[in-house]
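Spelled out from the first residue to the last, the chains are:
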Amino acid sequence: MSPRLRRILIGTVGVILALALVGAYWLGQMRKASFPQIEGSISLPGLDGPVDVYRDANGVPHIYASTEHDLFMAQGFVHAQDRFWQMDFQRHTSAGRLSELLGGNTVDTDIFLRTLGWERVSRQELALLDPQTRAVLDAYSEGVNAYMSGRRGAQLGLEYLFLNLLNAGYVPPPWEPLNTLTWAKAMAWDLRDNMDTEIDRALLLAMLTPERIAELYPPYPADRPFIVNDLTPFNTSGGLLAAELNPALQTALAPALRAARAQSGALDGLLGGLPDESVGSNSWAVAGSRTASGLPLLANDPHLDANIPHIWYQVGLHCRPKGPDCAVDMVGFSFPGVPAIILGHNDRIAWGFTNVGPDVMDLFIEKINPDNPYQYEFQGEWVDMNVVTETILVAGGEPVEVEVRETHHGVLINDLYGLDTFHEDTPLDLPENYGLALAWTALQPTETWRAVFAFTRAQNFEEFREAARLFAVPAQNLLYADVEGNIGYQMPGLIPVRGGGADGRYPVPGWTGEYDWEGFIPFEELPWAYNPPEGYIVTANNAVVDEAAYGYPIADTWAYGSRAQRIEDLILTAGRPIDVVYLQEMQGDTFSLNAERFTPVLLGVALENEHLESVRAQALANWDYRFDQDSAGAALYAAFWKHLLLETFIDNLPEGFAPGGGDRWSTVVGNILADETNFWWDDRGTPEAETRDQIFNRAFAAAVAELEDRLGKDPARWAWGSLHTIAFKHQVMDSFPLINSLFNAGPFAVSGGTDLVNATNWNTGNDHFGVSGSSPSFRAVYDLSELTNSWFAHPTGQSGHPGHPHYIDLAPLWASLQYLPLQWDLSTIQGVSEGHLQLVP
């Protein structure tokens, strides 16, 4: 190489390096532009007096104010300091206004959400607010807007730097109470249960009889725990399966239902939800009769999707002094964009949630007037629909108008899915025009947020239950404990009472009125418990009651009780008075009842060669059924379970269906395990009839081959944590390969698995073993004998700003099942504080 060329190359490399350094420095400065001020003072016009914000060593703000207005205004300001992008994205999503933010790629999602009408319903709810709740929302909005004032672009969040590529010049609109209300609809969607199952059942009719479908959705096992055992029975009607009403009509609906399933899944991906039987939470309360302190303990770990920024934001909110005019004193987990806390404790009580998963969504098949698309038939007459026109604004594009039609059952969703063309795709002789209407309790105006705020003020179980009366949707198992030694439970919510014996499992005719909702289960008749004689209450998305004894149907599917059974077993076999450390160990428990049941059967099957026999003996013969990170047995069993479900069921399922591997599938397999020639064992693709042991052989051979390919030939070097990892992905920036590494975090190896107490769920329908769907979105243990002895684990960090020290700092602790103190005492908080900010009028 000539000296001249060498000098040119060296100069070019130098320029590139210099540009890279300048770019890195510039990007670093842009990152820091949105980092919050946590020291000194900031003037906030509108405050009644000074507010102190102490951020502890984990970045958790503890806010002290003399009025409730100031407290919630400061919370709005602090939420915006750390999570404004997340709040802005969430409000656009839940209102069906994403295209205003992100442009034309999200128009279909907006059409879907505008059709459902989350924002329309929230506007009705706004008018229902009582003065106290409205004052809280107004004060919170003032705080958010005070933070936004004078800040633009990257000063609000790094995301806005790149948003300019999609939506140049975007300026966030002011925050308003409506933005908070609409987010409840997103959470209700995320925690829904039945609509997807109802669609799936209808699609399965194309290949299976109703009897075979019922085998795939078995009843809740009678030997698994119920949440409430002491209950009053009620006389209700029921029994007729809606599937039996018109199988031909169900088949004809298949094209539209398949499209509905796809659109529903797309929205789940955007919102970060995965509604299947593995989605849920754990919460249990132990009475003082079983604890070392003589007072209750309460544990809670809600299972939600692993996004970053994370759904939860920890905060302490304290009136100083506390009194009738300023009665707030609490710490716990809030939603960015929502005042107060959702879960945690105040100075008298602690509470936790798990999802009930009731059937509150029904699909009604409507007859549409062929001469007038704005009329539908009901009980022999044509009835006018309610029609709304929605205008979707699109950044960088033309507005899109959407016409929404609504019957008395609910909005017509057929326009989204092409239901108006299904008659062209089926040979059946059907009337020309049909529609599919969605009835869903979340699309009725309710006062759920009023209930949430009332929980935080409750001082006893009577006040807690009174707040629960207003909690409409999404229905949650409400668990309670207090400093007086009481534990309690309440199931709230609007649970439909259906006409005509319909059970909500399949779409039903809407034109007769026979299957219409007749009302809701009265609150006084909803299940509840107070200081049960067992000395504990366990909720893990298991069946609330034995419905045969209770009388009212609540849900057609539940989590099938593995987590609840294991939690109950650990309480009953503690062998010593239970303390905080024992509850933390319980939350990290990885024992699999599934593996305990099926591994002995696998060990008894004659395998096809010595190599497979050797691998089985080495990895599974002495396995303890625990899914710990270093377990070879867990890795092999997980692979076997995946292939067993695929080998057994995939040949009998429509395209796009795959077993998810959760508790329901454990129950399905358990029900056919003793019948070695059951229908499901046979492979439809072969001329011979396969048996159970042949399918076990196939599945095990495939599992060994997969692990040898992924982890090497030596089973001694296999480890579950090498396969089972979790990555926290940004809901928007993950889609941009060149920059997503700035926003995403992980992967981190984790223990646990699907329907274990440590529920780091994975899906057997995926081509990997990583966490997909839900995982513990936080873990908390509250000690009602000494609130300062309460603990938490958070999966990411407090900050929503990439590169901030608290963006992902808590993930290693969460992944390794370590806990941090949930700070409560002011002097302790001041002692560990990393920043003291004073907000002044």
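It should be noted that the structure appears before, not after, this text.
Basis of the calculations
Residues numbered from 1 in each chain as written. Predicted model: local features only at pLDDT ≥ 70, side-chain atom pairs only at ≥ 80, totals over all residues. Heavy atoms only, no water. Helix = DSSP H or I, 4+ residues; strand = E, 2+ residues; numbered from the N terminus. Expected span 1.5 Å × (residues − 1). Contact = heavy atoms within 4.5 Å. Core = buried A, V, L, I, M, F, W, Y, C linked by side-chain atoms within 4.5 Å. Buried < 20%, exposed > 50% of the residue type's maximum accessible area, 1.4 Å probe, protein only. Pairing = 2+ DSSP bridges. Axes fitted to C-alpha atoms, helices over the stretch in contact; angles between N-to-C directions. Parallel < 35°, antiparallel > 145°, perpendicular 65-115°, else oblique. Left-handed = near helix turned anticlockwise from the far one by under 90°. Nonpolar A, V, L, I, M, F, W, Y, C, P; charged D, E, K, R; others polar. Phe/Tyr/Trp six-rings, centres within 6.5 Å; stacked < 30°, edge-to-face > 60°. Lys NZ or Arg CZ within 6 Å of the ring centre and 35° of its normal. Disulfide = S-S within 2.5 Å.

A. Molecular detail of helix α6 (residues 131–148). Counted at 1.5 Å a residue, the expected span for α6 with its 18 residues is 26 Å, and the 26 Å between its end C-alpha atoms agrees. In this fold, the buried residues of α6 make contact with α2 (68–94), α8 (177–190) and α14 (448–457). Where α6 terminates, the next one or two residues include Gly150, which has phi positive at roughly 85°.

B. The nonpolar core, seen in detail. Core analysis: the biggest nonpolar cluster contains 225 residues, and Leu216, Trp440, Leu636, Phe649 and Leu839 have the highest contact counts within it. Counting residues per element, this core draws most heavily on helix α21 (residues 632–649), which supplies twelve residues. Here Leu839 is in contact with Ile42, Leu44, Leu47, Gly49, Pro50, Val51, Val53, Ala74 and Phe77, once residues within four sequence places are set aside. If you look at the next biggest cluster of nonpolar residues, it comprises 19 residues, including Trp284, Tyr582, Leu583 and Val757.

C. Fine view of the sheet that holds strand β18 (residues 487–490). Spatial strand order, β1-β30-β2-β3-β6-β7-β8-β9-β17-β18-β22: eleven strands in an open sheet with mixed pairing. Both outer strands of the open sheet, β1 (40–43) and β22 (528–530), are each paired with one neighbouring strand and no more. Each neighbouring strand pair of the sheet contributes to a mean axis angle of 15°, computed without reference to strand direction. Where α14 meets the sheet, its contacts fall on β7 (329–334), β8 (343–346), β9 (349–355) and β17 (476–482), and the angle it forms with β9 comes to roughly 145°. Contacting β9, β17, β18 and β22, helix α15 (residues 461–468) runs over the sheet at an angle of about 165° to β17.

D. Inspection of the packing of helix α19 (residues 593–603) against helix α22 (residues 663–672) at higher detail. Following both chains from N to C, one finds α19 and α22 inclined at 25°, their axes separated by 11 Å at the closest point. Regarding the angle of α19 to α22, the classification is roughly parallel. Once α19 is placed against α22, the crossing between them reads as left-handed. Note on element contacts: α22 touches α19 through Ser666, Val669 and Gly670, opposite Asn594, Arg597 and Phe598. For the contact of α19 with α22, the per-class residue count stands at two nonpolar, three polar and one charged.

E. Quick look at the environment of Trp814. By secondary structure assignment, the location of Trp814 is in helix α25 (residues 811–815). Classification of Trp814 by relative accessible area gives buried; the value is 2%. In this structure, the C-alpha to C-alpha distance between Trp814 and Phe778, residues 36 residues apart in sequence, is 8.2 Å. Apart from residues no more than four positions distant in its own chain, Trp814 is found in contact with Ile726, Phe728, Val750, Thr760, Ser775, Pro776, Arg779, Ala793, His794 and Pro795.

F. Up close: the pairing of strand β27 (residues 779–783). Buried residues dominate β27, accounting for five of its five residues. For β27 and strand β28 (residues 791–793), the ladder comprises three bridges, and the chain directions are antiparallel. Paired with Arg779 across the bridge in β28 is Ala793.

G. Inspection of the packing of aromatic side chains at higher detail. Enumeration over the complete set of coordinates arrives at 47 aromatic pairs. When the ring of Phe627 is compared with that of Tyr637, the centres are 6.5 Å apart and the planes differ by 80°; the resulting orientation is edge-to-face. Here Tyr637 lies in helix α21 and Phe627 lies in the loop between α20 (610–620) and α21, a separation of ten residues in the sequence. Pair check on accessibility: Phe627 and Tyr637 agree, each one buried. Centre to centre, the rings of Trp720 and Trp762 are 5.9 Å apart; their planes meet at 65°, and the pair counts as edge-to-face. Here Trp720 is found in helix α24 (residues 720–723), whereas its partner Trp762 is found in the loop between β25 (745–749) and β26 (774–776), with 42 residues between them in sequence. Given a relative accessible area of 0%, Trp720 falls into the buried group. Taking the relative accessible area as the measure of exposure, Trp762 reaches 7% and is therefore buried. Put simply, the rings of Phe591, Trp623, Tyr625, Phe627, Tyr637, Phe640, Trp681, Phe696, Phe700, Trp720, Trp762 and Phe769 pair up and form one aromatic cluster. Above the ring of Trp511, the side-chain terminus of Lys367 is found at 4.7 Å from the ring centroid.

H. Local environment of the packing of α21 against helix α23 (residues 692–711). Remark: α21 packs on α23, axes separated minimally by 8 Å, with the N-to-C direction vectors making an angle of 130°. Put simply, α21 runs oblique to α23. Of the two possible hands of crossing, α21 and α23 adopt the one that is right-handed. Each of Ala635, Leu636, Ala639, Phe640, Lys642, His643, Leu644, Glu647 and Thr648 in α21 lies in contact with α23, whose residues at this interface are Ile695, Phe696, Arg698, Ala699, Phe700, Ala702, Ala703, Val704, Glu706 and Leu707. Taken together, the residues of the contact of α21 with α23 sort by class into 13 nonpolar, two polar and four charged.

I. Broad picture of the state of the cysteines. Counted by the stated rule, this structure contains one disulfide. What pairs with Cys319 in a disulfide is Cys326, and their sulfur atoms sit 2.0 Å apart. A torsion of -80° about the S-S bond marks the disulfide between Cys319 and Cys326 as left-handed. Note on accessibility: Cys319 and Cys326 belong to one class, buried.

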